[in-house]
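Secondary and tertiary structure notes
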Amino acid sequence: MNRGGFTLPSYCGGRGVCGKCVVDIKRKGQIKTQKACAVRCEEDMEVFLPEEEDLEILTTGTALSMNLDSEYRKYLLEAGSLISREGKDPVSLIYGMVDANNITLKALQELERSNKKEALTATLEDNFVIGIEEGDSSQSLYGLAIDVGTTTVVIYLMDLITGQEVDCASFYNPQKKFGGDVISRINYTLENKDGTDLLHKTLLAGLNEEIAKLLYENNIRIQDILKTVVVGNTVMLHMLLGFPTISLARAPYTPVFTGPLSFTPQGIGLELPERGLAHLLPCVSAYVGADVIADMLACDFGSDEDFHLLVDIGTNGEVVLGRGKNILACSTAAGPAFEGATISSGMAGLPGAISGFRLQDEGMEIRTIKDKKPQGICGSGLLDLVAELRRTGFINKEGRLAAREKLSQTMGKRLVDRDGKPAFLVVRAEDTGHGKEILLTQKDIRQVQLAKGAIASGIEMLLQEMEVEADNISKVFIAGGFGNYMDPQQACYIGLLPDSLKNKIVPIGNAAGTGACMFLLNKELKKEVQKFQEKTQYLELARKPDFQEVFVRALSF
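These remarks concern the structure in this document. (Residues numbered from 1 in each chain as written. Predicted model: local features only at pLDDT ≥ 70, side-chain atom pairs only at ≥ 80, totals over all residues. Heavy atoms only, no water.)

Along the protein chain, the regular secondary structure elements total 15 helices and 25 strands. Taking 24 Å as the expected radius of gyration for a compact globule of 557 residues, we find that the protein chain reaches 26 Å, a close match to that expectation. Structurally, the protein chain occupies a C-alpha span of about 100 × 65 × 45 Å along its principal axes. Here the protein chain holds 557 residues, and 54% of them are scored as buried. (Helix = DSSP H or I, 4+ residues; strand = E, 2+ residues; numbered from the N terminus. Rg over C-alpha atoms; globule rule 2.2 N^0.38 Å. Buried < 20%, exposed > 50% of the residue type's maximum accessible area, 1.4 Å probe, protein only.)

A few words now on the sheet that holds strand E20 (residues 415–418). Pairing in this open sheet of three strands is antiparallel, and the strands run E20-E21-E22 from one edge to the other. Since the sheet does not close on itself, it has two edges, and those belong to E20 and strand E22 (438–441), each with one partner. On average, each strand axis in the sheet is tilted by 50° relative to the strand beside it, whichever way the strands run. Note that E20 and strand E21 (residues 421–427) share four bridges and pair antiparallel. (Pairing = 2+ DSSP bridges. Axes fitted to C-alpha atoms, helices over the stretch in contact; angles between N-to-C directions.)

Helix-helix packing is described using two parameters, namely the angle between the two axes and the distance between the axes. At a minimum axis distance of 7 Å, the contact between helix H7 (residues 290–298) and helix H13 (residues 511–521) shows a crossing angle of 75°. With respect to their mutual orientation, H7 and H13 come out roughly perpendicular. Residues Asp291, Ala294, Asp295, Leu297 and Ala298 of H7 lie in contact with H13, whose contacting residues are Ala511, Ala512, Thr514, Gly515, Ala516, Met518 and Phe519. Taken together, the residues that form the contact of H7 with H13 break down as eight nonpolar, two polar and two charged. (Parallel < 35°, antiparallel > 145°, perpendicular 65-115°, else oblique. Contact = heavy atoms within 4.5 Å. Nonpolar A, V, L, I, M, F, W, Y, C, P; charged D, E, K, R; others polar.)

Applying the stated rule across the entire model yields zero disulfides. Looking at the unpaired cysteine 283, the closest cysteine sulfur is the one in cysteine 330, lying at 16 Å. (Disulfide = S-S within 2.5 Å.)

Overall, the coordinates contain 18 salt bridges when judged by the stated rule. Salt-bridge contacts for lysine 227 lead to glutamate 71; the nearest nitrogen and oxygen are separated by 3.0 Å. Taken together, the positions of lysine 227 in strand E11 (residues 225–232) and glutamate 71 in the loop between strand E3 (46–48) and strand E4 (72–77) put the pair 156 residues apart, joining distant regions of the chain. Each member of the pair, lysine 227 as well as glutamate 71, is classed as buried. (Salt bridge = Lys/Arg side-chain N within 4 Å of Asp/Glu carboxyl O.)

What follows deals with the packing of H7 against helix H14 (residues 525–535). The interhelical angle for the contact between H7 and H14, taken along N-to-C directions, is 115°, at an axis separation of 10 Å. For the pair H7 and H14, the crossing hand works out as right-handed. Taken together, the residues of H14 that come into contact with H7 (itself represented by Ile293, Met296 and Leu297) are Leu525, Glu528, Val529, Phe532 and Gln533. Within the contact of H7 with H14, the residues separate by chemical class into six nonpolar, one polar and one charged. (Left-handed = near helix turned anticlockwise from the far one by under 90°.)

Okay, structure coming up:
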């Protein structure tokens, strides 16, 4: 089905453990619900795919605060202004009219073919003339900022003349059918001979389709896209370029590249003009990528002498601590629990996802996305649910569900036995949108512990390494969709973040996208981005002798 272009969620990469690729299969007149990855197609069958709804993807971030200074400009050359006079050739006349002193061969060829009696438009990149076309397109100059996340992709269409966002597109990363996290996708490339090429082409096909749609809907010509900026984690950028990722999966975890790259979009399969350029922001290490550099750019990280903490909570969790020129970063194996991937009733931020939860005396309050009937639990709802169960005694410090006799009669009924194991009944079957119970199992709670323990231990290790107390941090920037919607008080209550920081938390939304837009609009930010890469040191947690001890301690609520 993957090779046929059909998309099914497969967070485990088809290993049969996540249970998210469930479909209805009709064979010999009988319909049976099964995991698609566990079914071999050896006879004729009908497969009924689940209906996909629009995902609520966070596209906004911190407000742009910067000067517009693009290297690209357009000039209108009035009709007849290039007709030779006083012995001057057309190129010399252009140099005299615009701030240019060189011209590309392609632009020269376009100039030669043009009707010089008509108005022409010259396109410049710095002091190079890179394009000449007939007519007035001087007000049509655009760029793309692309945030390639492991789970979702956001494309911003920006006006390079005004600096304003024209439109944006957001969608699932089409690679999700090969695994929900980077390790699953790397494993896919190792286990399948054409895996690297397939993941590369799958991502490019998704990007090209969405870019074409974005331009069509806004009546913008593809030739008016002059600059493209791409951010993402190191693995995603390798897959975008079609590079093998085996070196990222094995010690010493050495990427093919970490520095900034610039190339023609067509060189990797992006269907964009040849005369434009695509730019990748630099990475810090194999698991702290260009998206984190963009985060830092967006929140002006480390610009003063106060200690700041940056936590990007996504499929991968990155943590950055520092001030001034002293910045330390690490990557934590948080996994996709807070995106619903490894949770029995988990789901993405779709309509009907439980996004908020409160237990009050003998009752409960549930909030869902778009107020739809409950369908499952997304990240912010999962955080609330676990925090509330811990607060009210359903869960002990070690994460175990309480015995029924220790709870009130009414609330005790919420503790149920499913397949011989205890679970908390969040929503009864008759009250859901799909007629199935929504449960929180003991295994789900363990997944939350592992995710929050990974992030908490990463923070603790950075504090230790820099010999800083949590109380001395002035701001905590939380990036990513989950971080934007989570309740800071609940996050600190379960130990995801140090309790002393609960009043210092600043959600910055999709800061990676914001940073990419800033880089797109201001050429001078190349220097800032390079500085961030140079002054950020990477801490390999696995090499610290006390990491396991810190991690185990961070599992407790």
